[in-house]
Amino acid sequence: MRVLLGITGGIAAYKSAEIIRNLTELGHEVRVLPTENALRFIGATTLEALSHNVVDAGLYTDVESVKHIELGQWADVVLVAPATASFVARTAAGIADDLLGNVMLATKARIIVAPAMHTEMWFNEATVENVKILRERGIEVIEPASGRLTGEDSGIGRLPDTETIVAALLASGGLSGKRVIVTAGGTREPIDPVRFIGNYSSGKQGIAIAVAAADAGAKVTLIAANLDFATTRFDVIRVETVAELQVAVRNSTTGADALVMSAAVSDYRVRTESATKLKKSNLGETTSIELVANPDILSEVDVPGLLKVGFAAETNGDLSDLAKLKLESKGCQLLVANDVSNGAVFGANETSVVVVDDAGGETRLTGSKSDVAKVLIQKIVERLS
Ligand code: CTP
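Parameters at a glance
- Residues numbered from 1 in each chain as written.
- Predicted model: local features only at pLDDT ≥ 70, side-chain atom pairs only at ≥ 80, totals over all residues.
- Heavy atoms only, no water.
- Phe/Tyr/Trp six-rings, centres within 6.5 Å; stacked < 30°, edge-to-face > 60°.
- Helix = DSSP H or I, 4+ residues; strand = E, 2+ residues; numbered from the N terminus.
- Buried < 20%, exposed > 50% of the residue type's maximum accessible area, 1.4 Å probe, protein only.
- Lys NZ or Arg CZ within 6 Å of the ring centre and 35° of its normal.
- Salt bridge = Lys/Arg side-chain N within 4 Å of Asp/Glu carboxyl O.

A. View of the packing of aromatic side chains. Applying the stated rule across the entire model yields two aromatic pairs. The interplanar angle of 50° and the centroid separation of 6.0 Å between the aromatic rings of Tyr200 and Phe346 together place this pair among those described as tilted. In this pair, Tyr200 sits in the loop between β10 (195-197) and α9 (204-215) while Phe346 sits in the loop between β17 (334-339) and β18 (350-357), placing the two residues 146 residues apart along the sequence. When the ring of Phe229 is compared with that of Phe234, the centres are 6.3 Å apart and the planes differ by 25°; the resulting orientation is stacked. When its relative accessible area of 18% is taken as the criterion, Phe229 is described as buried. Above the face of the Trp74 ring, Arg31 is positioned so that its terminal group lies 4.9 Å from the ring centre.

B. A look at the pattern of salt bridges. Tallied over the entire structure, the rule returns 17 salt bridges. For the salt bridge of Glu143 with Arg135, the shortest nitrogen-to-oxygen distance reads 2.8 Å. The class for Glu143 is partly exposed, based on a relative accessible area of 44%. As a salt-bridge pair, Lys219 and Asp235 come within 4.0 Å of each other at their nearest N and O atoms. Here Asp235 lies in strand β12 (residues 235-239) and Lys219 lies in strand β11 (residues 219-225), a separation of 16 residues in the sequence. Judged by relative accessible area, which is 51%, Lys219 ranks as exposed. Using a relative accessible area of 43% as the deciding quantity, one classes Asp235 as partly exposed.

This is the structure in structure tokens:
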């Protein structure tokens, strides 16, 4: 997820360092946008080192890049932590007198604000009113925690701990509380100890979907067929063959909300796998391997209430017609079709797909696999809500 972290000028600004570290360790991309006053509490050098991104908070520097628009569009979520009473008030009033204020007005991303201030200020009528306005506009406001404040005093107003802020960021997406199973990669059917029948699938689209589902708050299980991918954000089950994939899908879909079957599955396997390496000297000039059909994993999954999202890799014919046929034959509610003629799509970061649904809808999407994944997740959110 791309997180734009706004920091405003309160003593809790030093805690933003921990938030950045936590988010980057979880694999999120973080850009930091402090106000001028925030930089009195925490140095730009610290923020740059932890986020691995340049901190440029000036409204009048680098103006040709139209930073407030660029940052607002870049972010999947804008998190402001800590947010002072003054920032909350400026946001409620729509005042854009610095770069962060401009981004707040320009962005269409989800916005989360974590206020931190003294108890008296938090309960002041003006603040109470301003927080209400923010919430009414769809901005998520995390309640401050109770505990030691800046001076000798203590009470409500502390910035909640990093774990609470990060959990709020990850949990309240559209798939919060949902279990999503994603298969990715390509299966391998062994011929002998050194050879297999495989395919060109890189798994990039499936991984992007798993990440987007986790970003939306889902509990994700990625079933990875022959992929070199690791993450601490969700469970990854490694499989090689169709038989292993079938078992993993069967075991994980019970009680799940959605299955996204993006793995490229071998339709056939070798009838008898050789225990020893096949030798040319024994096989002669021509040889053949007997193949037997594999089960169709997607078609056989029949879990009540499970949203089934299929994929189709096609090389000839009308993509949307083929997609509709496969959607129906596999009993899916959504199906994503790729034109993979001439090796297109495999391994690339960009893609172009047709998404069809069981209500007759059809959407064409072109862009990065990550952007396509986000739109697909949005469609899943709509279907599950
Ligand atoms: N699929 C599956 N089990 C199989 C074959 C495919 O679950 N044995 C799934 C794929 O993961 C994908 C969808 O079915 O979501 C369509 O896969 P695709 O390879 O495009 O189609 P096939 O069903 O194999 O049909 P064909 O190869 O004849 O186009």
